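The residues making up each chain are set out below.
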Amino acid sequence: MTDPGYFEQLYADSDDPWQLAERHYEQRKYDLTLAALPRVRYGRAFEPGCSIGVLTRLLAGHCDELVATDPVAKALESAQATVDAPHVAFGRGRVPDDWPDGSFDLIVLSELLYYLSAPERLEVRAAAVRSLAPHGHLVLVHWRHPFEVATCTGDQAHAEMRVGDDLVAVVEHVETDFRLDVLAHA
Ligand SMILES: C[S@@+](CC[C@H](N)C(=O)[O-])C[C@H]1O[C@@H](n2cnc3c(N)ncnc32)[C@H](O)[C@@H]1O
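Remember, it's a predicted structure, so these values are computed and weren't measured experimentally.

Enquirer: Would you mind going over the environment of Gly43 with me for this structure?
Expert: On the secondary structure map, Gly43 appears in strand S1 (residues 42–48). Gly43 has contacts with Cys63, Asp64, Glu65 and Asp105, leaving out every residue within four places of it along the chain.

The following block contains the structure:
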């Protein structure tokens, strides 16, 4: 996995290391992510790796309850300031170890899987399958190209999540730079 100190340092150096709140690329990707949700509204949702809460704020409008986690305290402080909503619960945590209990109608893994080791990605897959409600949706969104600290490409990460016949794709969107898949129980 990517060294946890890497993320601590990124947030120490910048309030928004990926310019998630600024870049048109990110905003458009978020718009497409929301548009890809097969349902208007979900019950309970989980967004690990929520960073400063830009996507969290958008997802919050579609969920009755949202659990959003990140390992970096500074990122979570920003996220909490961005998303001041009683139905959103922020917590410090790293997947796969800190996967919350209970089931989720929506799980969103956005720009996260390539920071995990291959065994961790397998564990995340197992946790997602286990905790996804019968009619729930698992959303995957990742940059497709290799980069320095990534353990795999987004294409590889999505392919791993789609191995097996227990999950099926209900949305597939591929662009030059990112891939967006929505999976459901078969
Ligand atoms: C590129 S940002 C993605 C932010 C957000 N998901 C989005 O798409 O806008 C990656 C975030 O994942 C967090 N992260 C890194 N490793 C993680 C892990 N094992 N579990 C949960 N979050 C992690 C980092 O701290 C960082 O905030």
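Enquirer: Can you help me understand the nonpolar core in this one?
Expert: Note that soluble globular proteins tend to have their nonpolar side chains buried in a common cluster. Core analysis: the largest hydrophobic core is formed by 58 residues, its most contacted members being Trp99, Leu106, Ile107, Leu109 and Leu138. In contact with Ile107, other than residues within four places in its own chain, are Phe46, Trp99, Ala128, Ser131, Leu132, His137, Leu138 and Val139.

Enquirer: How do you make sense of the site of the ligand when you look at a structure like this?
Expert: Within the structure, the ligand sits among 18 residues, and Tyr11, Tyr30, Gly49, Asp70 and Ser110 are positioned closest to it. A distance of 2.7 Å is found between a nitrogen atom of the ligand and a backbone nitrogen or oxygen belonging to Gly49. Ser110 places a polar side-chain atom, nitrogen or oxygen, 2.5 Å from an oxygen atom of the ligand. Expressed as a share of its isolated accessible area of 600 Å², the protein-covered part of the ligand is 98%. If you map the ligand onto the pockets, it falls in the largest pocket. Residues that form the shell around the ligand fall into these classes: 11 nonpolar, four polar and three charged.

Enquirer: Would you take a moment to explain the sheet that holds strand S7 (residues 178–185) for this structure?
Expert: Each strand in a sheet pairs with its neighbour through backbone hydrogen bonds, running either in the same direction (parallel) or in the opposite one (antiparallel). Spatially, seven strands are ordered S3-S2-S1-S4-S5-S7-S6 in an open sheet, and the strand pairing comes out mixed. The open sheet has two edge strands with one neighbour each: strand S3 (88–92) and strand S6 (167–174). The sheet shows a mean angle of 15° between the axes of neighbouring strands, direction not considered. Bridge count between S6 and S7: seven bridges; the pairing is antiparallel.

Enquirer: Help me out: how do you make sense of the layout of surface pockets in this one?
Expert: It is the rolling of a water-molecule-sized probe over the atoms that shows where space remains empty. Roughly 640 Å³ of internal volume is contained in the largest pocket. Around the largest pocket, the lining comprises 33 residues; the ones closest to its centre are Trp18, Ser110, Glu111, Leu112 and Tyr115. Listed by contribution, the elements that provide at least two residues to the lining of the largest pocket are helix H1 (4–13), helix H2 (24–36), S1 and helix H3 (54–60). Among the elements that line the lining of the largest pocket, the one with the most residues is H2, at four residues. Classifying every residue of the lining of the largest pocket gives 21 nonpolar, five polar and seven charged.

Enquirer: Could you clarify how one ought to interpret the packing of aromatic side chains in this entry?
Expert: The geometry of two aromatic rings is summed up by the distance between their centres and the angle between their planes. One pass over the structure, following the stated rule, counts 11 aromatic pairs. With a centroid separation of 5.3 Å and an interplanar angle of 25°, the aromatic rings of Phe46 and Phe104 are classed as stacked. Here Phe104 lies in strand S4 (residues 104–110) and Phe46 lies in strand S1, a separation of 58 residues in the sequence. Pair check on accessibility: Phe46 and Phe104 agree, each one buried. Taking 5.9 Å as the distance between ring centres and 70° as the angle between the ring planes, the aromatic pair formed by Tyr115 and Phe147 counts as edge-to-face. With Tyr115 in the loop between S4 and helix H5 (118–131) and Phe147 in the loop between strand S5 (132–143) and helix H6 (154–162), this residue pair connects regions lying 32 residues apart in the sequence.

Rules used throughout
- Residues numbered from 1 in each chain as written.
- Predicted model: local features only at pLDDT ≥ 70, side-chain atom pairs only at ≥ 80, totals over all residues.
- Heavy atoms only, no water.
- Helix = DSSP H or I, 4+ residues; strand = E, 2+ residues; numbered from the N terminus.
- Contact = heavy atoms within 4.5 Å.
- Core = buried A, V, L, I, M, F, W, Y, C linked by side-chain atoms within 4.5 Å.
- Buried < 20%, exposed > 50% of the residue type's maximum accessible area, 1.4 Å probe, protein only.
- Near = heavy atom within 4 Å.
- Polar contact = N/O pair within 3.5 Å; in protein donor to acceptor, adjacent residues only side chain to side chain.
- Areas by Shrake-Rupley, 256 points an atom, 1.4 Å probe, with all protein chains shown as cover.
- 1 Å grid on protein atoms, 1.4 Å probe; cavity = no way out; pocket = protein on both sides within 12 Å on 5 of 7 lines; lining within 4 Å.
- Sits in = over half its atoms within 2 Å of the grid points.
- Nonpolar A, V, L, I, M, F, W, Y, C, P; charged D, E, K, R; others polar.
- Pairing = 2+ DSSP bridges.
- Axes fitted to C-alpha atoms, helices over the stretch in contact; angles between N-to-C directions.
- Points joined across faces, edges and corners; volume = space filled by probe spheres on them.
- Phe/Tyr/Trp six-rings, centres within 6.5 Å; stacked < 30°, edge-to-face > 60°.

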